[in-house]
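Chain and residue survey
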Amino acid sequence: HMRKSLLILLLLPIAGAIADSPLPPASRTIFESPSGKIEAISDPKTGIQIRDTSTKKVLWRIPEWHRQVFVADDGVHAVTIYNGLNLLPVDYDPQTVLFTFWRDGTRVGDVTVARLVRTPESLQRTESHFYWGDPIGIAGRSFRVRTADGAIQVYDLSTGTLNAEQGAAANP
């Protein structure tokens, strides 16, 4: 039963992506760091504020809205995710930026479709899009992503460079 439950949990993000339901309109959303000490407030009118949760002091800003933001406990690093989340249009541009690494409000690295996906065949076709994978989140100094072919990619949070890869794409 445990194995079956784990498999169901692992497949939930894929099942959600394949449904292709329309994304909700842009709205103000709050994202917390792993410990909850830092928050990112993403507002379509004002962009993103990175704040200390206890003092509400704004540490820095990103001048654009994003549907999904990951913020580190250090209050210095954040990662913004492509506003189409884990789905790409069928006529996607390989240079589409899927996630961007930030340090104190400065863009330090981008990961494009071409950089994340080894071959276009590794994308999964849904009813009306391609599923590229799911961001897992920040752990320490790393940002982890699960690609559509099941690989886990680990990026350096301060530079956006790929540090490690495990799983399907790592062993072609």
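Here the focus is the overall build of the chain. Of the regular secondary structure elements, the chain holds two helices and 15 strands. Of the contacts formed within the chain by residues at least 6 apart in sequence, a portion of 40% connects residues at least 24 apart. Carbon and sulfur atoms form 57% of the exposed surface of the chain, whose accessible area is close to 9200 Å².

With respect to the element layout, Asp43 can be found in strand E2 (residues 38-43). Residues Asp43 and Ala26 lie 17 residues apart in sequence; the distance between their C-alpha atoms is 8.0 Å. Discounting residues that sit within four places of it in the chain, Asp43 has contacts with Arg28 and Trp65.

Our next topic: the side chain of Arg67. Along the polypeptide, Arg67 turns up in the loop between strand E4 (58-62) and strand E5 (68-71). No salt bridge is formed by the buried Arg67. Its closest oppositely charged neighbour is Asp134, at 13 Å. Not counting the four nearest positions on each side in its chain, Arg67 is found in contact with Leu23, Pro24, Pro25, Phe31, Asn83 and Leu85.

Put simply, the chain has an average pLDDT of 84, and 85% of its residues get 70 or more. Contacts from residues 1-18, a stretch scored under 50 in pLDDT, to residues over four places away or in other chains number 11 contacts.

The next subject is the sheet that holds strand E9 (residues 106-112). Spatially, four strands are ordered E5-E6-E8-E9 in an open sheet, and the strand pairing comes out antiparallel. Two strands lie at the open edges of the sheet, namely E5 and E9, each paired on one side alone. Pairs of neighbouring strands in the sheet enclose a mean axial angle of 20 degrees, with direction left out of account. Taken together, the four bridges between E5 and strand E6 (residues 77-81) define a ladder with antiparallel strand orientation. In the sheet register, Gln68 faces E6, and the bridge partner there is Ile81.

With that out of the way, let us pick up the pairing of strand E1 (residues 29-32). Bridge count between E1 and E2: four bridges; the pairing is antiparallel. Bridge pairing in E2 links Phe31 to Ala40.

Locating Lys56 in the fold gives a position in the loop between strand E3 (47-52) and E4. Judged by its relative accessible area of 41%, Lys56 is partly exposed. As a C-alpha pair, Lys56 and Ile38 span 18 residues in sequence and 9.1 Å in three-dimensional space. If we ignore the near neighbours within four places in the chain, the residues touching Lys56 are Glu39 and Arg51. In terms of polar contacts, Lys56 uses its side chain to reach the backbone carbonyl oxygen of Thr53, at 3.2 Å.

Next up on the list: the nonpolar core. With 22 residues, the main nonpolar core has Leu88, Phe99, Leu116, Trp132 and Phe143 as its most contacted residues. Of all the secondary structure elements, the ones that give two or more residues to this core are E6, strand E8 (97-103), helix H2 (113-116) and strand E13 (142-147). Tallying contributions element by element places E8 first for this core, with three residues. Grouped together as the second largest cluster of nonpolar side chains are 11 residues, Phe31, Trp60, Ile62 and Val71 included.

Right, let's get into the side chain of Thr100. Tracing the backbone shows Thr100 in strand E8. Judged by its relative accessible area of 5%, Thr100 is buried. Polar contacts involving the side chain of Thr100 include one to the side chain of Asp110, which spans 2.8 Å.

The rules behind the values
- Residues numbered from 1 in each chain as written.
- Predicted model: local features only at pLDDT ≥ 70, side-chain atom pairs only at ≥ 80, totals over all residues.
- Heavy atoms only, no water.
- Helix = DSSP H or I, 4+ residues; strand = E, 2+ residues; numbered from the N terminus.
- Contact = heavy atoms within 4.5 Å.
- Areas by Shrake-Rupley, 256 points an atom, 1.4 Å probe, with all protein chains shown as cover.
- Buried < 20%, exposed > 50% of the residue type's maximum accessible area, 1.4 Å probe, protein only.
- Lys, Arg positive; Asp, Glu negative; His and termini not counted.
- Salt bridge = Lys/Arg side-chain N within 4 Å of Asp/Glu carboxyl O.
- pLDDT = per-residue confidence, 0-100.
- Pairing = 2+ DSSP bridges.
- Axes fitted to C-alpha atoms, helices over the stretch in contact; angles between N-to-C directions.
- Polar contact = N/O pair within 3.5 Å; in protein donor to acceptor, adjacent residues only side chain to side chain.
- Core = buried A, V, L, I, M, F, W, Y, C linked by side-chain atoms within 4.5 Å.

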